[in-house]
Amino acid sequence: MTIPRYWREFQHRYRLIGTKCPKCGRIYFPPREVCPYCHRESIGKMQKVEIKNTGKVYSYTVIHQDVPDFKFLKPYLFIIAEMDSGVKVSGQLVDVSPEDVRIGMPVRISFRRIREEDRAGIIEYGYKFIPDE
Amino acid sequence: MTIPRYWREFQHRYRLIGTKCPKCGRIYFPPREVCPYCHRESIGKMQKVEIKNTGKVYSYTVIHQDVPDFKFLKPYLFIIAEMDSGVKVSGQLVDVSPEDVRIGMPVRISFRRIREEDRAGIIEYGYKFIPDE
Amino acid sequence: MRDVYIIGIGQTKYGEHWEKSLRALVVEAGLKAIEDANIYSKEIQAIFGGNMSAGSTIYQDNIGSLISDFSGLSVNRIPAMRIENGSASGGAAVHAGFVSVASGFYDTVLVGGVEKLTDVSMEDQAEIVSGEVDQEWELFNGGTLAGLQALMARRYMHEYGAKREEIAMLPVLSHEHGSENPYAHFRNRIKVEDVINATMVADPLTMLDMAPASDGAAVLILASEEKVRQIKPEVKIKISGSAMSSDFMSLQSRENLLELKAVRDSTEKALKMSKSDIKRVKIVETHDSSSIMGLLILEEIGLFPKGKAGKYLEEGYGHKDSRVAINTSGGLKAKGHPMGATGIGQIVESVIQLRGKAEKRQVHNADMALAINVAGTGSASISHVLEVV
Amino acid sequence: MRDVYIIGIGQTKYGEHWEKSLRALVVEAGLKAIEDANIYSKEIQAIFGGNMSAGSTIYQDNIGSLISDFSGLSVNRIPAMRIENGSASGGAAVHAGFVSVASGFYDTVLVGGVEKLTDVSMEDQAEIVSGEVDQEWELFNGGTLAGLQALMARRYMHEYGAKREEIAMLPVLSHEHGSENPYAHFRNRIKVEDVINATMVADPLTMLDMAPASDGAAVLILASEEKVRQIKPEVKIKISGSAMSSDFMSLQSRENLLELKAVRDSTEKALKMSKSDIKRVKIVETHDSSSIMGLLILEEIGLFPKGKAGKYLEEGYGHKDSRVAINTSGGLKAKGHPMGATGIGQIVESVIQLRGKAEKRQVHNADMALAINVAGTGSASISHVLEVV
Ligand SMILES: [Zn+2]
Ligand SMILES: [Zn+2]
């Protein structure tokens, strides 16, 4: 990932910033400029919201692929969590061994290194899940 | 350029192999599986032909761009030549300084190194033009 | 709206074509289709080219021009556009071609799809194949296409109590059919244990749950009623339904991981257009980019109850001699998955079946087929209904 | 065939948008266009997205789904396909949208193009921009897009005896008009000497002959007659001609380097469709990816004699107050060249002019415009004729 691309979403990734539609109250992560359900009534009115960092495992997998940017992590746990604020968020789960992961397990979000060094030579940080007990 | 891509066209590049339509006699370089003018009558009948390596400069330029694969050559002469066998061929012109190049100048094709080392780490060879006098 | 027919088909073998370039593959399939249609190149009025990844694999864009030029068609000055919708690029190109003929704009068009993956390393392939998921919010965090589909598989087992063995039934079936398809990437038969015990890709999915990265091309010639009357094909095959739908791009954005809303919508619309319903369909090509995707699609279109597709396959449904034949081509799993060609190849297989030319894998009384081509984890879906008329 | 109208336009400023992603750009332009059309999102029945290089710049494919999703339209399940034809991706998307409405398939569609180039280094940009020339037989040997266009320029000077200064006239004109366009990448005026003395790119073409690599997006809402009757726009603007043509991909394959057969063909067809001719056109947007391309197009469409375009510009032709106004937007040179958006942005400018809203760059009595969008060195061309009716 190139530097502009990385920094652009840094805030959203670092503080887990999503958006909320003032019309219907739906929360979105990743952030959206427009609510798909209220559309015209939401344009220019979407509000930034910080997503509460706790949730539960909704589904999980252990990825064994040789993808260039993630080889150094291989194998790694990847999950979708249902956050307490209602949205789903996908990301890596760390600090736990695969056999201890269960659907429904409480997790929270933490800021971590995502990859060693990518094609542009930068070390990238973002959110990862950790067990929350 | 990856190794399969490079080797696949190696023969065509090394020996300047084009194709000839047996119906209308047109010669094509790069090679074609079908003659655009005779189409159905040429399918499966196109013949390989070696393009004679002599021709004349049809147009020329000196490229100063910072393109990753060609930076080490910068600036380099690039031409389209009208070959004696009728086809036009584009490629680099070497062994001459830009101020001595003229439209109509006789050139011939020679096998040379095209780039230092590309993204896949291979040194690639192909044809280049040289003055023919 | 006018009726649209398929008057020509052509395809390369799917697989690893080290010796052939992207352009060579699409030209090979294209010339076969033109010959099969028995038309002259001048009769073709437009080209719709399906391709996903040439920009990333060989740095080549402007693929429409490439196809037109090397198929020997650019001297006719016809429009040639590339359509890209990830793994559903081929189906989308067919839909675009269908719209252009159905609406009376053109009488004869060429729809050609191609993908060339063996020009890059296996590692790069895994990343390129994941080009259709959200790069910022899925792949950035390590969510590959296979990983995301594995999340669907795990949730499927959790919600429905489906067994791992049931999920493995689709690759087994696809390989059984694929073993009889000379154009298939893989022609070996496999067993449920083979699937489960193969190298893990993304738990619970193994190498044998996943469609391979294949090189290959597939081409159709579409024509209007008027054109078909001139051509007089032996078997008249009509595209009686064509529809395309979309859904949220990333899996996390969807309320229910196991609901493929785009698939349901495009299939309902295509069946409605063809004035038919799923019960009348004899042949289904499902998009088994992974076993779980293939199964979820079969359930979403109403062929099997939710969570039960694998069980039904265990009972023999889906076999070419059963009430509904699934993936007679071998599916994406065994026939292969050259993304830009995949959705077109599904229709090539359907035409072969409807023409009664599928030899050992021929379905009896094949008169209606349904092909479903999907992007990513379900962000886009294209459904086509084909009938002998 | 039904009439097709433009009821909404939207665009971002073109330029370097470090802080905005590809999706943010296209959503910004898309929402503007929907507001401008004064319709609800549910009224949009299909999306045609133009984009050239997202696969190479941000590894993102499946761009149709991306646009649909983040514009908030995927819950409507509408088809959303990406059209790619290199620098002509935008024009091709408009043509695809036109066909879908003209033919009666849809009543209201969104055509949106976007490119995001500043996410990669300048060096990588030069290579990515060259993605539309033949990678095996042009770029492999060092033939970049700029280099190939320089070969056309040199031959132009040789065959016609045109002076270097004449070629430089088009960038000068584009910058003059662009200086009045708030959406333009560059708003400075330049002189002939500036062009000639700028950093050499590919002799004889300098940095100021070449269009910049810009970020940007442009969106149109197309609608049928029926829809327009509901909307009742202040000024009714019709796409009275739309055509797309192709030519050999690589320059070496063409008999004559100075003949743009695709451009001539698409323009003749579009004008014929609009029952008009070049003499009636008041505004022309030419595809000046380089000065020479822009000039060759103006000659090919019959606006100026071969080899004389620069001379005519020297005499004042092309200025907004002359008989025919050229590149009132600033053209690709000054307005900018975000490839997927370029062809759509040309039409956005035409609509602004036809609506009489171009302020300081307004052309008097603007009632008909022609926009020409070209791929590479001429491998594909799309021409659109727009009229106030
Ligand atoms: Zn809302
Ligand atoms: Zn011939």
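The rules behind these values
- Residues numbered from 1 in each chain as written.
- Chains lettered and ligands numbered in written order.
- Predicted model: local features only at pLDDT ≥ 70, side-chain atom pairs only at ≥ 80, totals over all residues.
- Heavy atoms only, no water.
- Helix = DSSP H or I, 4+ residues; strand = E, 2+ residues; numbered from the N terminus.
- Rg over C-alpha atoms; globule rule 2.2 N^0.38 Å.
- Contact = heavy atoms within 4.5 Å.
- Areas by Shrake-Rupley, 256 points an atom, 1.4 Å probe, with all protein chains shown as cover.
- Lys, Arg positive; Asp, Glu negative; His and termini not counted.
- Charge placed at Lys NZ, Arg CZ, Asp CG, Glu CD.
- Donors = N, O, S within 2.8 Å, 3.2 Å for Na, K, Ca; no water.
- Buried < 20%, exposed > 50% of the residue type's maximum accessible area, 1.4 Å probe, protein only.
- Least-squares fit on C-alpha atoms with pLDDT ≥ 70 in both.
- Pairing = 2+ DSSP bridges.
- Buried area = accessible area lost by both parts, 1.4 Å probe.
- Salt bridge = Lys/Arg side-chain N within 4 Å of Asp/Glu carboxyl O.
- Polar contact = N/O pair within 3.5 Å; in protein donor to acceptor, adjacent residues only side chain to side chain.
- Nonpolar A, V, L, I, M, F, W, Y, C, P; charged D, E, K, R; others polar.
- Expected span 1.5 Å × (residues − 1).
- Tetrahedral: all angles 85-135°; square planar, octahedral: opposite > 155°, others 65-115°.

Q: It is not clear to me how the overall build of chain C should be interpreted in this structure. Could you clarify?
A: Each helix and strand counted, chain C has 14 helices and 12 strands in total. For a compact globule of 389 residues, the expected C-alpha radius of gyration is about 21 Å, and chain C comes in at 19 Å, within 12% of that figure. With the principal axes as the frame, chain C shows a C-alpha extent of 55 × 45 × 35 Å. Considering only residue pairs separated by 6 or more positions, chain C has 78% of its internal contacts joining residues 24 or more positions apart. Per element, the accessible surface of chain C, about 10,400 Å² overall, is 50% carbon and sulfur. On chain C, the mean spot of the 41 positive side-chain charges and the mean spot of the 50 negative ones are 6 Å from each other.

Q: Just checking my understanding: could you explain the coordination of the zinc ion (ligand 2) for this structure?
A: Coordination angles at a metal have ideal targets, namely 109.5 degrees for four tetrahedral donors and 90 or 180 degrees for six octahedral donors. Residues and elements named next belong to chain B. Protein-derived coordination of the zinc ion (ligand 2) comes from C21 (SG), C24 (SG), C35 (SG) and C38 (SG), at a distance range of 2.3 Å. Ordering the donors of the zinc ion (ligand 2) by residue number gives the pattern C-x2-C-x10-C-x2-C. Residue C21 is located in the loop between β1 (17–20) and β2 (27–28), and its partner C35 is located in the loop between β2 and β3 (47–50); the two are separated by 14 residues in the primary sequence. Overall, the relative accessible area of 0% leaves C35 in the buried class.

Q: I keep staring at the relation of the copies chain D and chain C and nothing clicks. Help me out?
A: These two copies of the chain differ by a rotation about an axis and a displacement along the same axis. Overlay of chain D on chain C (RMSD 0.0 Å): rotation 180°, translation along the axis 0.0 Å. The symmetry that links the two subunits is that of a two-fold axis. Counting the interface residues of chain D, we find that 100% of their copies in chain C are interface residues as well, pointing to one common contact surface.

Q: Where do I start with the sheet that holds strand β2 (residues 27–28) of chain A in this structure?
A: Read from one edge to the other, the open sheet built from three strands follows the order β2-β1-β3 (chain A), with strand pairing classed as antiparallel. Each end of this open sheet is capped by a strand with a single partner; those strands are β2 and β3 (47–50) of chain A.

Q: So what exactly am I meant to see when it comes to the interface of chain A and chain C here?
A: Interface size is commonly expressed as the accessible area that is lost once the parts come together. Taken together, the contact between chain A and chain C spans 42 residues of the former and 34 residues of the latter. Of the roughly 3,400 Å² buried between chain A and chain C, counting both surfaces, carbon and sulfur atoms make up 56%. The interface formed by chain A and chain C contains one salt bridge. Notably, a salt bridge pairs R13 of chain A with E136 of chain C, separated by 3.2 Å at the nearest N-O pair. Counting across the chain A and chain C interface gives 15 residue pairs in polar contact (both at pLDDT 80 or more). For the side of chain A that touches chain C, the secondary-structure elements that each account for two or more residues are α1 (3–8), α2 (10–15), β4 (54–63), β5 (76–83), β6 (88–93), β7 (106–115) and β8 (124–131) of chain A. For the side of chain A that touches chain C, the element with the most residues is β4 of chain A, which contributes six residues. Tallied by class, residues from the side of chain A that touches chain C come to 23 nonpolar, eight polar and 11 charged.

Q: What is the right way to read helix α4 (residues 89–102) of chain D from this model?
A: Quick reminder: α-helices carry 3.6 residues per turn. Residues three or four places apart thus point the same way. All names here are of chain D. Given a rise of 1.5 Å per residue, 14 residues ought to cover 20 Å, and the 20 Å separating the end C-alpha atoms of α4 matches this to within 8%. Of all 14 residues making up α4, 14 are buried, and the element is well covered by its neighbours. Positive phi shows up at G104, right after α4, with a value of about 90°.

Q: How should the arrangement of the chains be read in this particular structure?
A: Here five pairs of chains make contact, and the pair sharing the most contacts is chains C and D. Considering only C-alpha positions, the minimal separation of the non-contacting chain A and chain B is 12 Å.

Q: Please explain the coordination of the zinc ion (ligand 1) as it appears in this structure.
A: Residues and elements named next belong to chain A. Bound to the zinc ion (ligand 1) on the protein side are C21 (SG), C24 (SG), C35 (SG) and C38 (SG), at distances that span 2.3 Å. Given four donor atoms and angles of 107 to 113° at the metal, the environment of the zinc ion (ligand 1) is assigned as tetrahedral. Spacing between the donor residues of the zinc ion (ligand 1) along their common chain follows C-x2-C-x10-C-x2-C. Linking C21 in the loop between β1 (17–20) and β2 with C38 in the loop between β2 and β3, this pair joins segments that are 17 residues apart in sequence. Of the two residues examined, C21 and C38, each falls in the buried class.

Q: What is the right way to look at the interface of chain D and chain C in this model?
A: Tallying the contact residues gives 62 residues for chain D and 62 residues for chain C. Summed over both sides, the interface between chain D and chain C buries roughly 4,600 Å², with carbon and sulfur atoms accounting for 51% of that surface. Ranking the residues of chain D by area buried against chain C places N62, R77 and F105 of chain D at the top, with a combined share of 16%. With its nearest N and O atoms 3.6 Å apart, the salt bridge here joins R77 of chain D to D247 of chain C. Taken together, the links from chain D to chain C amount to 30 residue pairs in polar contact (both at pLDDT 80 or more).

Q: Which parts of the structure should I look at to understand the pairing of strand β6 (residues 88–93) of chain B?
A: Along any regular strand, the residues point their side chains to alternate faces of the sheet. Residues and elements named next belong to chain B. In terms of burial, β6 is largely enclosed, as six of its six residues are buried. Pairing of strand β5 (residues 76–83) with β6, which is carried by six bridges, proceeds in the antiparallel orientation. Within the sheet, the bridge partner assigned to E82 lies in β6 and is K88. Two successive antiparallel strands, β5 and β6, enclose a turn made up of four residues, where G86 displays a positive phi of approximately 105°.

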